[in-house]
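Commentary on secondary and tertiary structure
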Amino acid sequence: MTAVSHRPTPLALHRMFIAAACAREMKKIVIHSDGGCHGNPGPGAWAAVLEYGSHRREISGGELATTNNRMELIAAIRALAALKEPCSVEFFTDSEYLKNGITTWLAEWKANGWRTKKKKPVKNEELWRELEVVAERHTVEWKWLKGHAGHTGNERCDQLSHIEIEKIKAAHSKERLKQALAEFTARHSQDAAQHQLL
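What this report covers is the structure whose coordinates are included nearby. (Residues numbered from 1 in each chain as written. Predicted model: local features only at pLDDT ≥ 70, side-chain atom pairs only at ≥ 80, totals over all residues. Heavy atoms only, no water.)

Comments concerning the packing of aromatic side chains
The line we're drawing: Within 6.5 Å between ring centres, the rings of Phe, Tyr and Trp (the latter by its six-membered ring) count as paired, and their orientation is classed by plane angle as stacked under 30 degrees, edge-to-face over 60, tilted in between. Here a strand is any run of E in DSSP of at least two residues, a helix any run of H or I of at least four, and the numbering for each starts at the N terminus. Between buried and exposed lies partly exposed: a residue is buried under 20% and exposed over 50% of the maximum accessible area for its type, with that area taken using a 1.4 Å probe on protein chains only.
Considering all chains together, one arrives at four aromatic pairs under this definition. Here Y97 and W128 contribute two aromatic rings whose centre-to-centre distance is 5.3 Å and whose plane-to-plane angle is 65°, an arrangement assigned as edge-to-face. Note that Y97 is positioned in helix 3 (residues 96-111) and W128 in helix 4 (residues 125-136), a separation of 31 residues in sequence. For the pair Y97 and W128, a shared accessibility class is recorded, and that class is buried. The interplanar angle of 65° and the centroid separation of 5.2 Å between the aromatic rings of W109 and W128 together place this pair among those described as edge-to-face. Here W109, found in helix 3, pairs with W128, found in helix 4; they are 19 residues apart in sequence, far enough to count as distant. When sorted by exposure, W109 lands in the same class as W128, which is buried.

Topic: the pattern of salt bridges
Basically, it comes down to this: Salt bridges are defined by distance alone: a side-chain nitrogen of Lys or Arg within 4 Å of a carboxyl oxygen of Asp or Glu.
All told, the structure shown has eleven salt bridges when counted by the stated rule. Residues E51 and R56 are paired through a salt bridge, measuring 3.2 Å at the closest nitrogen-oxygen approach. K110 is the partner of E132 in a salt bridge, and the nearest nitrogen-oxygen pair spans 2.5 Å. Taken together, the residues span a long stretch of sequence, with E132 in helix 4 and K110 in helix 3 at a distance of 22 residues. With a relative accessible area of 17%, E132 lands in the buried category. Relative accessible area serves as the criterion here: at 41%, K110 is assigned to the partly exposed category. Here the salt bridges do not stand alone but share partners, grouping E51, R56, E58 and R156 into one network.

Observations regarding the nonpolar core
Quick reminder of the rule: We define a nonpolar core as any set of buried Ala, Val, Leu, Ile, Met, Phe, Trp, Tyr and Cys residues linked to one another through side-chain atoms lying within 4.5 Å.
In this structure, I31, L80, F91, W128, L131 and W142 are the most contacted members of the largest nonpolar core, which totals 32 residues. Of all the secondary-structure elements, those providing two or more residues to this core are strand 1 (27-37), strand 2 (42-52), helix 2 (68-81), strand 4 (87-93), helix 3 and helix 4.

These results come straight from atomic positions and should not be treated as a statement about function.
Structure below.
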């Protein structure tokens, strides 16, 4: 009986070598992100802390009307988009929605024509598409951690997002925030209705 060789081909070895070399040359970045809102939907904010060795950068922003999940997604998008070159990223989030979505659900949604297992339109599809694009440039290891459990990076993101929300609430009247919420709700209800017609 002839023994079957399982040794990789020269081409496979070359590809493995190139991949390993690229991984060694990539900058190793640690990112923590968080997002949330008051009301869900309501005024919301996102934040991220990016660390490279001794270097640290904090970014944050907000919207007059949004949801927790949208802010979690935007936090990840803005954080990865802030990297100026392909990097090896250790990404920490306390959002199971974000972590499970990008590592598991996304491939299933795409295979189903951006529909869930229950054949319903995927919520926040445009943000998932954007996240996939910015994540593809990097080698990302997505990690979930428990929120409000003393993780320094996560706690700082939570602080930054709360600061952004307070800025929004201080800069806009209750009437304007109510109007923004009504516009947000109407827009997303209209989007859902259009999806049903496809």
